[in-house]
Amino acid sequence: EQAGGKRICQCGVVVDPNSAFCQQCGTRWKRQHSVLEAGGFTTLPIWRQASHNNLPLARLTGFDASMSPKTTTSISGRGKLGKALDPASKRRCTWDVCILAFLMYDVIVLPTLFLDFEEPAIFKAMSWTLRVFWTLDVPLSFLTGYRRQDGEIELRLDKVRQHYMHGWMLVDLVMVIGDWALGADGEDDVSSSGARSVKMLRASRMLRMIRMVRIYRIALLSRKYAVLFHYKSLSANATVALEIVRVIVLMLLVAHFIACFWYFLGSHRFNAGTDVADAWMVVSGTESLDVGGRYLVSYHWAMSNFVGNMNLEGNTTAERLYSIFVLVFAFMVLAVVPPRITALMTRLSTAAVEQNALLTQLKLYLQDNGASAELAVRVERVAAGALRVHQQKTPESDVKLLRLLPEGTRSALRWEIFSPRLLIHPLFRRVFDQSPALGQQICHKAVSTTDLADEGVLFQAWFSSDLPVMYFLSSGKLSYTHATALESEEVGPGSWLAEPLLWTSWIYRGDAIAQEDCSLLVVSAKSFQDEVLKSSLQKEVRRYAEQFVKWLNGLEADVLTDVSTPRLVKQTVFLTDSAFRTRVFSEPEEHAYFKTPSHSLTPNGTCEFAI
């Protein structure tokens, strides 16, 4: 109960309002032990006291507008000839996927032209499809922007065309003209036309191998998407596993190239018009096999140069020279690839050993301190989840190179990463819009990240925080159970929690527990207050704080909550307008915040904002 503004336990002892337990009898505050009355909230002293530190933030912090994300993502202005296609757009990405698929087709199929078999109809159809595709790719490359060395995306069409003309345009044109020249000469009918000699067939297929030059596009695409989509990161174990798979696949493709040319050296096609008695196929008796059998023998020979041994040697001069070349190449590959795979496997095993050691240490601690079996199982499960989440993410504190960057660069990086997630809150959106300098300083000084594993507890009812913080849920789902409610509600991405801690003394009104792995932004109340009081917007934010606390005092005790309900979202919009002296709408639906397609209120009371 409350008497004269004080909390009195049922045992008669006056209890600290910030404590969740009675110091005398140890009773935990519950509904039947304490009657929560509405009102009683006061604005934090820091928002009430006058401040003369009203200098522009740009002078205080050295804010550089050129480092803002608004100017680092792209050059949106049109050039003399118009605006180019964004290289990260869905249409361009779809085209790049087709490029990658056709390149992989060439990598696998073109070496098989060395084999002595009649090309199937599908190969001929694909040849014409590729000619049309690569022909269309040339003008499209003229219209696609590119990322400059300073990290900006160039979209001015005149600059884009100059960049392509001084780059790979000549190579692309030569390849396209060569493809059409071979098609006009009837190279697709060479294998079935008796009027063509065997030498003409061999020359035609050798010329088609020039298409392999397009493999450079794979390197360009990998470099492009490594920059554009670097934030699409995987866990450390998944990254190592994918790297091992990439090395193995690359080795298999190299062996495919070597095997196809070795097949060609021993076939009648290469030795046409000469004595083929010394060819390796004839000497080894492989000639009696079908095409597939001869290819498998060739592939076995190619792999044996890297690992193992095979009793198959070259007999002609060309075969011996090729064997020597492959052995030298294999020596260089073996000097690089096995150590790399060994290092990757060591990283995987080391991570597993460290994880097992930490879990074993935790089990010993729980056993030594007599933890109950039920609690021990729960703690171990949550700890294992926390380890898994930690391995999937790369905390900023683990990136040592970031410490070497200038503070201005680190500030711009954090501003670009954090600001889109904070814009779901109307006040942050208004502050960032009117003062990007203050927004950058808030993201740099007051915002951090935290990850919560499945079943992890974010906070509990009737507990207060020693370091007051506000949370923004970026991914995952939380289960929030109000202290007076029987059922829990689901909190999804786009929600914020514990906003009152920025403005007043607050005790959590419910339990927030992760339903799955969650990622959250944490806004430190102390750092947020310090940065705001340095800015020219301190009066507006003070006004918002006073009105927010006044609104809290007008609510019933059962309505007070830690999460952003639809009622709280609407109220923050109106309080922001009022604090910044803009128009206050009488009906929520009249406000532009609820009309724009980038905002929506979900049925569970979360506000979604698409950047």
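Read on for a plain summary of the structure. None of these values were measured; they are calculated from a predicted model.

Bringing the overall build of the chain into the picture now. In terms of helices and strands, the chain carries 21 helices and 15 strands. Among the 611 residues that make up the chain, the fraction classed as buried is 42%. Look at the contacts in the chain between residues 6 or more apart in sequence, and 75% of them connect residues 24 or more apart. Looking at the chain as shown, the accessible area adds up to about 32400 Å², and 60% of this sits on carbon and sulfur atoms.

A few words now on the side chain of His444. Relative to the elements of secondary structure, His444 occurs in helix H18 (residues 436-445). A relative accessible area of 11% places His444 in the buried class. One polar contact links His444 to Glu407, side chain to side chain, over a distance of 3.4 Å. With near-sequence residues (within four places) excluded, His444 lies in contact with Glu407, Arg410, Ser411 and Arg414.

Here a ring pair, both rings aromatic, is described through the centre-centre distance and the interplanar angle of the planes. A full pass over the atoms with the stated rule returns 31 aromatic pairs. An aromatic cluster is defined as three or more aromatic residues linked by ring pairs; in this entry it consists of Trp47, Trp415, Phe428, Phe432, Phe472, Trp496, Trp503, Phe528, Tyr544, Phe548 and Trp551. Above the ring of Trp128, the side-chain terminus of Arg131 is found at 4.5 Å from the ring centroid. The positively charged end of Arg509 is found above the aromatic ring belonging to Trp506, 4.5 Å away from the centroid.

If you look at the biggest cluster of nonpolar residues, it comprises 64 residues, and the most contacted ones within it are Trp47, Leu478, Trp503 and Phe528. It is helix H20 (residues 538-553) that contributes the most residues to this core, seven residues altogether. If near-sequence neighbours (up to four positions away) are discounted, Leu478 is found in contact with Leu452, Leu458, Leu473, Glu489, Glu490, Val491, Leu497, Ile513, Ala514, Gln515, Cys518 and Leu520. Grouped together as the second largest cluster of nonpolar side chains are 26 residues, Phe114, Tyr295, Trp301 and Val337 included.

As summarised here, the arrangement of the four strands in space is S7-S12-S9-S10, forming an open sheet in which the pairing is antiparallel. The open sheet terminates on both sides in strands that have one partner only, identified here as strand S7 (457-459) and strand S10 (489-491). In this sheet, adjacent strand axes meet at a mean angle of 30° when their direction is disregarded.

Attention shifts here to the pattern of salt bridges. Oppositely charged side chains are able to pair whenever their charged atoms sit close together. In this structure the tally under the stated criterion is ten salt bridges. With a shortest N-O distance of 2.8 Å, Lys526 and Asp530 are connected by a salt bridge. Of the two residues, Lys526 and Asp530 both sit in helix H19 (residues 525-533), four residues apart, roughly one turn of that helix. For Lys526, a relative accessible area of 52% gives the class exposed. Where salt bridges share partners, they join Glu243, Arg246 and Arg340 into one cluster.

Let us look at a nonpolar patch on the surface. A contiguous nonpolar patch, built from Leu321, Ile324, Val328, Phe331 and Met332 and spanning about 550 Å² of accessible area, is present on the exposed surface. Position of Leu321 relative to the elements: it lies in helix H13 (residues 317-334).

Working note: regular strand, side chains alternate between the two faces of the sheet. The element strand S13 (residues 518-524) is extensively covered by neighbouring structure, given that six of its seven residues are classed as buried. Both strand S6 (residues 447-452) and S13 contribute to a ladder of six bridges, which runs antiparallel. Bridge assignment links Leu452 to a residue of S13, and that residue is Cys518.

Positive phi, normally seen in glycine, also occurs at Trp462, with a value near 70°. Secondary-structure assignment places Trp462 in the loop between S7 and strand S8 (469-475). Non-glycine residue Ala498 carries a positive phi angle of around 60°. With respect to the helices and strands, the residue Ala498 is situated in the loop between strand S11 (496-497) and strand S12 (510-514). For Ala498, a relative accessible area of 0% gives the class buried.

One can find Phe574 in helix H21 (residues 566-579). The class of Phe574 is buried, set by a relative accessible area of 14%. A C-alpha to C-alpha distance of 9.8 Å links Phe574 and Tyr544, two positions 30 residues apart in sequence.

Before going further, it helps to examine the sheet that holds S13. Sheet architecture is open: four strands sit in the order S6-S13-S8-S11, paired in antiparallel fashion. Taken across any chain shown, the strands that pair with only one partner, and hence form the sheet edges, are S6 and S11. Against the sheet, helix H16 (residues 407-422) contacts S6, S8 and S13, and its axis sits at roughly 70° relative to S6.

Let's shift gears to the environment of Val532. One can find Val532 in helix H19. Along the chain, Val532 and Val431 lie 101 residues apart, while their C-alpha atoms are 9.6 Å from each other. When neighbours within four sequence positions are excluded, Val532 is seen to be in contact with Trp47, Leu438, Ile442, Gln538 and Val541.

A separate point is the pairing of strand S9 (residues 478-482). Counting buried positions over the five residues of S9 gives four, a clear majority of the element. The loop that links S9 with its antiparallel partner S10 comprises six residues. Both S9 and S12 contribute to a ladder of five bridges, which runs antiparallel. Opposite Tyr480, over in S12, you have Ala512 as the bridge partner.

Here is what the cut-offs are and how they apply
- In this convention, every chain numbers its residues from 1, walking through the sequence in written order.
- Only residues with pLDDT of at least 70 are given local features in this predicted model, and only at 80 or more are side-chain atom pairs given and counted; all residues enter the totals for whole chains, interfaces and linings.
- Only heavy atoms go into the side-chain values, all of them from the structure, while hydrogens and water stay out.
- Only runs of H or I of at least four residues qualify as helices and only runs of E of at least two qualify as strands under DSSP, and these elements are numbered from the N terminus.
- Only protein chains enter the area calculation, which uses a 1.4 Å probe; residues under 20% of their type maximum are buried, those over 50% are exposed, and those in between are partly exposed.
- Here, two residues are considered to be in contact whenever any of their heavy atoms come within 4.5 Å of each other.
- All accessible-area figures derive from a Shrake-Rupley calculation using a 1.4 Å probe, and residue coverage is judged against the displayed protein chains alone.
- Think of a polar contact as two N or O atoms within 3.5 Å of one another; within protein, one of them needs to be a possible hydrogen donor and the other a possible acceptor, and neighboring residues in sequence only count if both atoms come from side chains.
- Put simply, two rings from Phe, Tyr or Trp (the six-membered ring, in Trp's case) pair if the centres are within 6.5 Å, and we call them stacked under 30 degrees between planes, edge-to-face over 60, tilted for the rest.
- Only lysine NZ and arginine CZ atoms are considered, and such an atom sits over a ring when it is within 6 Å of the ring centre and within 35 degrees of the ring normal.
- In this text, buried Ala, Val, Leu, Ile, Met, Phe, Trp, Tyr and Cys residues form a nonpolar core when linked through side-chain atoms within 4.5 Å.
- Think of it this way: DSSP has to see at least two bridges between two strands before they count as a pair.
- All axes here are fitted lines through C-alpha atoms, helices being fitted over the stretch that makes contact, and every angle between N-to-C directions spans 0 to 180 degrees.
- Within this document, salt bridges are pairs made up of a side-chain nitrogen of Lys or Arg and a carboxyl oxygen of Asp or Glu, the two lying within 4 Å of each other.
- Candidates for patches are residues over 30% relative accessible area with no salt bridge; among them, like charges are joined within 9 Å and nonpolar side chains (Val, Leu, Ile, Met, Phe, Trp, Tyr) within 5 Å.

That is the geometry; function is a separate question.
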